[in-house]
Amino acid sequence: MLHFLLSENFDSLLAPAGIIFAFVVTVFAISRLADRLPKDAGRAFAHNGKLSAGKPRGAGVIFVPAFVLAALLFAHLTPELVIYLILTLLCMLMGYLDDASKIPWGEYKKGFLDLCVAALVAMTYLKYNPNTIELALFHVQLTLPTWLFAILIVVLVWGSVNVTNCADGVDGLSGTLTIISIMTIYIVDRLLERGEGFSFLILLFAVSILGYLWYNADPSRLIMGDAGSRAMGLFISVAILKTGSPLLYIPIALVLILDGGLGLLKVALLRFLKIRILKNTRTPLHDHVRKVWGWSNTQTVFRFAIIQVILAVAVVYGISM
C-alpha cells in the first residue's frame with residue numbers, strides 16, 4: 001500500500017515536471033540553435049511569401065526532438081508508443097531534409113514517403129489495437145475488416161500530414177490550430193476514458209509547440225517548415241486513432257482540412273481529371289482571406305482558431321451527452 005501511494009505521488013509530480021521540461025527545453029534549444037537552421041528563400045506563390053525570406057526554416061527539427069526527449073524521460077512508454085515516437089521523428093527528418101535541400105523534393109517523392117509512413121502507422125495500430133471504431137457522437141461501435149481499416153488509416157495519416165503541411169503559411173497558424181485539435185482530442189480521451197498512455201504525450205507535444213510559438217508570433221523569428229508541419233500532421237492522426245473514434249478527425253481538425261485540403265483537392269482534380277473547381281478562390285484558404293478579404297495575419301490566426309474552438313466545444317458537448 002505504501003509503495004502504491006509513493007508511486008502515485010511520484011507520478012503526480014513527474015507529469016507536471018515533464019510538461020514544464022518540454023516547454024523549457026524547446027524555448028532554450030530554439031534560442032541557441034535557430035540561427036543554425038537553413039534560411040527560407042521566400043514562397044513565390046504565397047501572399048506576402050517573400051517576407052519570410054532569410055528567416056531560419058525547419059524549426060520542427062528542434063521542437064519535435066524536444067518533445068521526444070521529454071516523452072522518453074517522463075512518460076510511461078509502451079512498445080506501441082515508442083514506435084509512434086520513432087515515426088514522428090522520421091516524419092520530422094524527412095521534412096527537414098526537404099527544408100534544407102537546395103532543390104526542393106518533388107510532390108511525388110514526398111507523397112510516396114508519406115504513404116510509407118502511413119502504412120507503418122496502420123501496421124502498428126492494428127497490431128496493438130482492435131479493428132473496431134466508435135461513432136462517438138452516436139455511441140455506436142462498428143467492427144471493420146482489417147484490410148479496410150488499414151486502408152482507412154493510411155488515408156487518414158496521409159491526409160493529415162499533407163493538409164497540416166499545406167496549412168503552414170501564416171505565422172502561428174498551423175501550430176495554433178494543431179494545439180486546439182490535439183487538446184480537443186485530449187478532452188475526448190478523458191470523456192471516453194481512452195488512450196491514457198497517449199494522452200500525456202498530447203500534453204507534452206502541445207507545450208513543445210507552444211515553445212516554438214514563443215518565437216513564431218507575428219512577426220516571427222523563425223519558420224516551422226516541413227520538419228514541423230509534417231510531424232504535427234502525423235501526431236494528430238495517431239492521437240485521433242488512439243481515441244478509438246477516428247471519424248472525429250473531421251470536426252476536430254476541420255479548419256486544417258479546409259485550409260490545407262482544398263488546395264490539394266483543387267490541384268489533384270485539375271491535374272488528373274482536368275476538372276476545374278474553386279476558380280475564384282485562392283488556396284490555401286489563408287492566402288484567400290488575406291489577399292482577397294484583406295485580413296491581417298493576426299486576424300487570420302485568431303479567426304481560424306475561433307472557428308476551430310467553436311467546433312471543438314460542439315464536439316465535446318456532443319460526446320458528453
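Residues numbered from 1 in each chain as written. Predicted model: local features only at pLDDT ≥ 70, side-chain atom pairs only at ≥ 80, totals over all residues. Heavy atoms only, no water.

1. Let's talk about the pairing of strand 2 (residues 140–143)
In this structure, strand 1 (residues 132–135) lies alongside strand 2, joined through four bridges in antiparallel fashion. Pairing of Thr 132 across the sheet is with Thr 143, part of strand 2. (Pairing = 2+ DSSP bridges. Helix = DSSP H or I, 4+ residues; strand = E, 2+ residues; numbered from the N terminus.)

2. Section: the nonpolar core
Core analysis: the biggest nonpolar cluster contains 87 residues, and Val 121, Phe 198, Leu 201 and Phe 235 have the highest contact counts within it. With 13 residues, the top contributor of residues to this core is helix 7 (residues 196–216). Once you skip the residues sitting within four places of it in the chain, Phe 235 turns out to touch Phe 67, Ile 182, Phe 198, Leu 201, Ile 202 and Phe 205. (Core = buried A, V, L, I, M, F, W, Y, C linked by side-chain atoms within 4.5 Å. Buried < 20%, exposed > 50% of the residue type's maximum accessible area, 1.4 Å probe, protein only. Contact = heavy atoms within 4.5 Å.)

3. Digging into the packing of helix 3 (residues 79–100) against helix 8 (residues 225–242)
The interhelical angle for the contact between helix 3 and helix 8, taken along N-to-C directions, is 155 degrees, at an axis separation of 6 Å. As far as their axial angle goes, helix 8 and helix 3 are roughly antiparallel. By crossing handedness, the relation of helix 3 to helix 8 is classed as right-handed. Packed against helix 3, whose contacting residues are Glu 80, Tyr 84, Leu 87, Thr 88, Cys 91, Met 92, Gly 95, Tyr 96, Asp 98 and Asp 99, the element helix 8 presents Gly 225, Asp 226, Ala 227, Arg 230, Ala 231, Leu 234, Val 238 and Lys 242 at the interface. Per-class residue counts for the contact of helix 3 with helix 8 are nine nonpolar, three polar and six charged. (Axes fitted to C-alpha atoms, helices over the stretch in contact; angles between N-to-C directions. Parallel < 35°, antiparallel > 145°, perpendicular 65-115°, else oblique. Left-handed = near helix turned anticlockwise from the far one by under 90°. Nonpolar A, V, L, I, M, F, W, Y, C, P; charged D, E, K, R; others polar.)

4. Details of the state of the cysteines
Here the structure, examined in full by the defined rule, presents zero disulfides. Lacking any disulfide linkage, Cys 91 is separated from the closest cysteine sulfur, that of Cys 116, by 11 Å. The structure places no disulfide on Cys 166, whose sulfur is separated from the nearest cysteine sulfur, that of Cys 91, by 13 Å. The class for Cys 166 is partly exposed, based on a relative accessible area of 23%. (Disulfide = S-S within 2.5 Å.)

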